[in-house]
Amino acid sequence: MQYTLLIILIILTLFSFISMGCDPFSPGFLMCGSFTFSCLCMCYNAALWEINTDQLTVFVISGGCLTFVIANIICQLVYKKKLLRVGKINRMNKGTQDFKNNEFVSINRNLVLLVFAFDFFVLFLYFIEVVRIAGFGSFTTMMYIFRQATGFQGASVSFFVNILVRISKAFTTIFIFYCIRNVMAGKSIKSQLYLLFPVLPDLMCSLLTGGRFRLLQLILGPIVIYGLLYFVKYGKRIKVKISLIAKVIVIAVFSLLLFYCVKSLVGRAEQTDIVTYVTEYFGGPIELFDVILRKAIGFHQPEIWGRNTFSSFYRYFVKFFDADIGMSANPGWLTSRTGINLGNVFTCFFIYYADFGLVGVFLLSFVVGCIWSVLYYKSLLSYKNVSKIIYSFVFYGVLFQFYDEMTFTIFLSPDMWMSFLFIWFFEKHIKTRVKI
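Cut-offs applied
- Residues numbered from 1 in each chain as written.
- Predicted model: local features only at pLDDT ≥ 70, side-chain atom pairs only at ≥ 80, totals over all residues.
- Heavy atoms only, no water.
- Helix = DSSP H or I, 4+ residues; strand = E, 2+ residues; numbered from the N terminus.
- Areas by Shrake-Rupley, 256 points an atom, 1.4 Å probe, with all protein chains shown as cover.
- Axes fitted to C-alpha atoms, helices over the stretch in contact; angles between N-to-C directions.
- Parallel < 35°, antiparallel > 145°, perpendicular 65-115°, else oblique.
- Left-handed = near helix turned anticlockwise from the far one by under 90°.
- Contact = heavy atoms within 4.5 Å.
- Nonpolar A, V, L, I, M, F, W, Y, C, P; charged D, E, K, R; others polar.
- Expected span 1.5 Å × (residues − 1).
- Buried < 20%, exposed > 50% of the residue type's maximum accessible area, 1.4 Å probe, protein only.

Peer 1: Teacher, can you tell me more about the overall build of the chain here?
Peer 2: Looking only at helices and strands, the chain features 18 helices and four strands. Surface summary for the chain: the accessible area is close to 19800 Å², and the carbon and sulfur share equals 68%.

Here it is, written out as structure tokens:
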């Protein structure tokens, strides 16, 4: 049935793309496309893992994705008239200052250098925290111990250092946005490269955290920024052409290669070739979801409503109020039928299914589809740059629903709202409009 699931997901991806006006950034297309990629990776390992996907798994995943797409279509219909009206205004270059008269946003070079130095200071503090938790030794071993300690043994980096990290990320995200925005307004790429200086220490610090989602943010963020600003400048959404597909393939291959190359830096000890590693990493969640559906693992009644779905919010009750929120449905690390370790993530649908059952999968898929669609169209239509910056900051979430539950993890997290606040505040105070 895994090939049936793949065919259904391909059809849903094409359906969502066409029904969304061939918009490559529409949440429905991205959701279905990412699940299609994950299913393709799983099918690549069909013989190695002895895969035989259950009918229930096919129904839950295809039904959840279809519900998400339906939500996207409804939201598009709601915003359709406004999209046409704002697009017409943008084509006439009226009603927006973003690209009128070749205006660009100037950010003081001394401020950028100050942020660059600040980021390295934050990097140093974070390294001290890593050493405190994992001890000093070879970098690979140290990061492996740190990742295990923070991920599974309750250790954590100090609250103060985490705040500094979020301030660093906020500045970097803003600078990337205005670098792209100014180039699109007519400035030369060379003249705006100074805005990208803080990206290096930010990237190094993200690797010290033991995760790679920030790396994906730094790759995916600029792409969605370009798509949003393209609509502002030209009054239409990007058309898919052969040249665009070729660029996307190059970026995807580069991203996966980089993702593989830095695995040892974040405490991943797997010794496999790149194809095996990538297909296991991205194809594992669907196969593991099928495994736990068959064995009914982790589907005990949660002691608190939405215990797993809203875990990022409930986690703070444990941290600050020493509250008991019951057991997580996550069964931990699981293997394929042939004993290959595939990880401990099971797609967003496992989380919804564990908390609310089959009806909850479809209901929450619809709600999540509405959330991402409204965010997308709001950021697309807004003349406020901060909304586009924040959307680019969380954009990875819709792409990685196939991996784990991302939506409520992002938007119910106080830490993430702190990042939104920093982005809003700094974006408001660090820029000056200048005509070329």
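There's more to say after this.
Peer 1: What is the right way to read the packing of helix α2 (residues 27-44) against helix α12 (residues 274-295) from this model?
Peer 2: Each pair of packed helices can be summarised by the angle the axes make with each other and by the distance between the axes. Where α2 contacts α12, the axes come no closer than 7 Å and their chain directions differ by 110°. The orientation of α2 relative to α12 falls into the category roughly perpendicular. The two elements α2 and α12 meet at a crossing, and its hand is left-handed. Of the residues in α12, those touching α2 at Phe35, Phe37, Ser38, Cys39, Cys41, Met42 and Tyr44 are Val275, Val278, Thr279, Phe282, Gly283, Ile286 and Glu287. Residue composition of the contact of α2 with α12, grouped by class: 10 nonpolar, three polar and one charged.

Peer 1: What am I meant to see in helix α1 (residues 2-19) here?
Peer 2: For α1, which comprises 18 residues, the first-to-last C-alpha distance of 25 Å matches the rise-based estimate of 26 Å (1.5 Å per residue) to within 8%. Just beyond α1, the residue with positive phi is Gly21, at close to 70°.

Peer 1: Even after reading the chapter, I still don't get unusual backbone geometry, so can you show me in this structure?
Peer 2: We note that Cys22 has phi near 60°; this positive angle belongs to a residue other than glycine. Within the element layout of this structure, Cys22 appears in the loop between α1 and α2. On the basis of relative accessibility, which here comes to 36%, the residue Cys22 falls in the partly exposed class. One non-glycine residue, Thr347, lies in positive phi territory at about 75°. Along the polypeptide, Thr347 turns up in helix α14 (residues 347-381). A relative accessible area of 0% means that Thr347 is categorised as buried.

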